[in-house]
Amino acid sequence: MKASKAAVSSQRAVRTSKRADKSSPASTQCFMESILWKKIYMSEFCKNKKQIPKFLDALKMESEDHVTGYWKSQYFKTIATRDLKKWKRLLGPISFHTGLPSQTEQVLRNLRVAWELTVTSTSGHESTLELSCSHFSETSVTLCWSAGCYLPNYEQISTLQLHGVRRITPNCPSLKKRSLMLRLDMHTLNKNAQTFGQDSLVQMKLLQPGVIVGVWRDQCSVAFITFTLHIHRLVERSSQGSSACTYVEPIVKPPFDDTDPEYGLHGYQLHIVLHNTVCKVMSESFSQLFCRRAQISDGLVQFTAVNRTNLSQHIALSGTISLPWQCEALQGTVENCCIMSLTLLDEFRKPFRCATSPVSMELDDTSVCYDYDGDQYMIHYQDSGIQVKMQLVQLKDQKQVILISLVVFLSVGDVNKHFSRDY
């Protein structure tokens, strides 16, 4: 009996404590917030009795303190689950031309996804900038933040962080989810940054593939910052990470094949686009690319899409290689630069390597082309996963540019890892 009375006394004390807590301003605010989020949840997802989940019957208003924050969490989880099913369905149709989802841009717009750039100065001051403009092309998107935003001097930038920002509802802009996509340490990148193009007003510094800082010539101030992103898994990368961690792509390996001695060296498809933010210069697909085992050299697997000696494969570009830019009332064009967007599919038509970045066309004096009368140029792109070499000729007395060679190189180690081989 004594133990029972003590238990009853303890329970009464707990209830008294709860009632006391409710009377405090902080507890009252949490209590009211919980009621508000429950009403929001019910009005959004439980418009008739059939839609009310069974677990709601077990939750009583008296136990509202126990589930403080529950309704808010449940609301966002339900929104995420609903939209996850919706965008996966919309991303289903695959473009035969590119091998990528054809509705990526529309899905991003439906999900109300935008992008923010957070700039941290060496003094520790942090500024989050709204996007100035964006441009979708066939397989990439270019994002730009101009000097109209607050941007510190180039040497004073410590870090750059790119976040995908998804606004949960158009009626409440403050309700948003941030997904970290890139975090760049400028101290490290500046050591390898190269000026890959310029005009009379700006110099373009390439920090890493896809990231440009435009700096006013003879000054330290920043004119604009651009990020070029490939659309492969762009929806996931822009919305499925957290504010501090990037989205981790699932590893999908093709089935093992022990009957084909050159499995993993054939059946590739390349789609490549040269463009800028105004027009498309070239868009081509090349299928059934292959490399024989005997052709593997220096740890690289080589795929030739356009053969220099085969005139029938040469391609005339539809415009000049140039990269326009715009900042507030000023604008200009950097010649011999553009954006390259590349997608390499394996024999199962799954993306094996994707890359997009501004590239420059450099004069090439190392070789001579006797088939055309004009200056010869080279576009060379390289990152940790892929290397691309393009040879072009600009015809004399014309603005016409001819692509005469296109070769893609992959690390044999990456091929071995993907296909479980040992070449």
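Because the structure is a prediction, the values reported are computed rather than measured.

Here is what the cut-offs are and how they apply
Residues numbered from 1 in each chain as written. Predicted model: local features only at pLDDT ≥ 70, side-chain atom pairs only at ≥ 80, totals over all residues. Heavy atoms only, no water. Pairing = 2+ DSSP bridges. Helix = DSSP H or I, 4+ residues; strand = E, 2+ residues; numbered from the N terminus. Axes fitted to C-alpha atoms, helices over the stretch in contact; angles between N-to-C directions. Contact = heavy atoms within 4.5 Å. Polar contact = N/O pair within 3.5 Å; in protein donor to acceptor, adjacent residues only side chain to side chain. Phe/Tyr/Trp six-rings, centres within 6.5 Å; stacked < 30°, edge-to-face > 60°. Buried < 20%, exposed > 50% of the residue type's maximum accessible area, 1.4 Å probe, protein only. Lys NZ or Arg CZ within 6 Å of the ring centre and 35° of its normal. Patch = residues over 30% accessible without salt bridge, like charges linked within 9 Å, V, L, I, M, F, W, Y side chains within 5 Å. Areas by Shrake-Rupley, 256 points an atom, 1.4 Å probe, with all protein chains shown as cover. Salt bridge = Lys/Arg side-chain N within 4 Å of Asp/Glu carboxyl O. Lys, Arg positive; Asp, Glu negative; His and termini not counted. Charge placed at Lys NZ, Arg CZ, Asp CG, Glu CD.

Honestly, the sheet that holds strand E12 (residues 280–289) in this entry has me stumped. Any pointers?
Strand pairing in a sheet relies on backbone hydrogen bonds, with the paired strands running either antiparallel or parallel. With antiparallel pairing, the 4 strands of this open sheet are ordered in space as E12-E11-E17-E18. The strands lining the two open edges of the sheet, one partner per strand, are E12 and strand E18 (351–360). With strand direction ignored, the average angle separating the axes of adjacent strands in the sheet is 10°. Where strand E11 (residues 268–275) meets E12, 7 bridges bridge the pair, whose relative direction is antiparallel. Its bridge partner lying in E12, Tyr268 is registered against Leu289. The strands that helix H7 (residues 412–419) touches are E11 and E18; relative to E18, the one it contacts most, it runs at about 150°.

So what exactly am I meant to see when it comes to the environment of Glu116 here?
Its location among the elements puts Glu116 in strand E1 (residues 113–121). Setting aside chain neighbours within four positions, we find Glu116 in contact with Thr128, Leu129, Glu130, Trp145, Gln161, Leu162, His163, Val165, Arg167, Lys176 and Arg178. Polar side-chain contacts of Glu116 include one of 3.4 Å to the side chain of Arg178.

Would you mind going over the side chain of Gln376 with me for this structure?
Following the sequence through the fold, Gln376 ends up in strand E20 (residues 374–382). Polar side-chain contacts of Gln376 include one of 3.4 Å to the side chain of Arg308. Of the polar contacts made by the side chain of Gln376, one reaches the backbone nitrogen of Cys369; its length is 3.4 Å.

Would you explain the packing of aromatic side chains in this entry?
Where two aromatic rings form a pair, the distance of their centres and the angle of their planes describe that pair. Under the defined criterion, the tally for this structure stands at 8 aromatic pairs. Centroid distance Tyr268 to Phe352: 5.9 Å. Interplanar angle 80°. Geometry classified as edge-to-face. In this pair, Tyr268 sits in strand E11 while Phe352 sits in strand E18, placing the two residues 84 residues apart along the sequence. With relative accessibility at 0%, the residue Tyr268 sits in the buried group. Overall, Phe352 belongs to the buried group, its relative accessible area being 7%. With 6.3 Å between their ring centres and 75° between their planes, Tyr268 and Phe419 make a pair best called edge-to-face. Here Tyr268, found in strand E11, pairs with Phe419, found in helix H7; they are 151 residues apart in sequence, far enough to count as distant. Among the aromatic side chains, those forming a connected cluster through ring pairs are Tyr263, Tyr268, Phe303, Phe352 and Phe419. Above the ring of Phe96, the side-chain terminus of Arg349 is found at 4.8 Å from the ring centroid. If you follow Arg353 out to its NZ or CZ, it ends over the ring of Phe352, 4.9 Å from the centre.

Sorry if this is basic, but what is going on with the sheet that holds strand E7 (residues 194–198) here?
Ordered in space as E3-E4-E10-E9-E8-E7, the 6 strands form an open sheet in which the pairing is antiparallel. Where the open sheet ends on each side, the last strands, each with one partner, are strand E3 (133–136) and E7. Adjacent strand axes in the sheet meet at a mean angle of 25° when their direction is disregarded. Sheet topology places E7 next to strand E8 (residues 202–208); 4 bridges connect them, and they run antiparallel. Pairing of Gln198 across the sheet is with Gln203, part of E8.

Before we go on, may I ask you to explain unusual backbone geometry in this structure?
Most peptide bonds adopt trans geometry, and most residues besides glycine take a negative phi value. With a phi angle near 55°, Arg233 is a residue other than glycine that sits in the positive phi range. Checked against the element boundaries, Arg233 lands in the loop between strand E10 (222–230) and helix H6 (234–239). At Ser420, a position not held by glycine, the phi torsion is positive, near 55°.

It is not clear to me how a negative patch on the surface should be interpreted in this structure. Could you clarify?
On the surface, a cluster of negative charge is made up of Asp365, Asp373, Asp375 and Asp397. Mapped onto the secondary structure, Asp365 falls in the loop between strand E19 (362–363) and E20.

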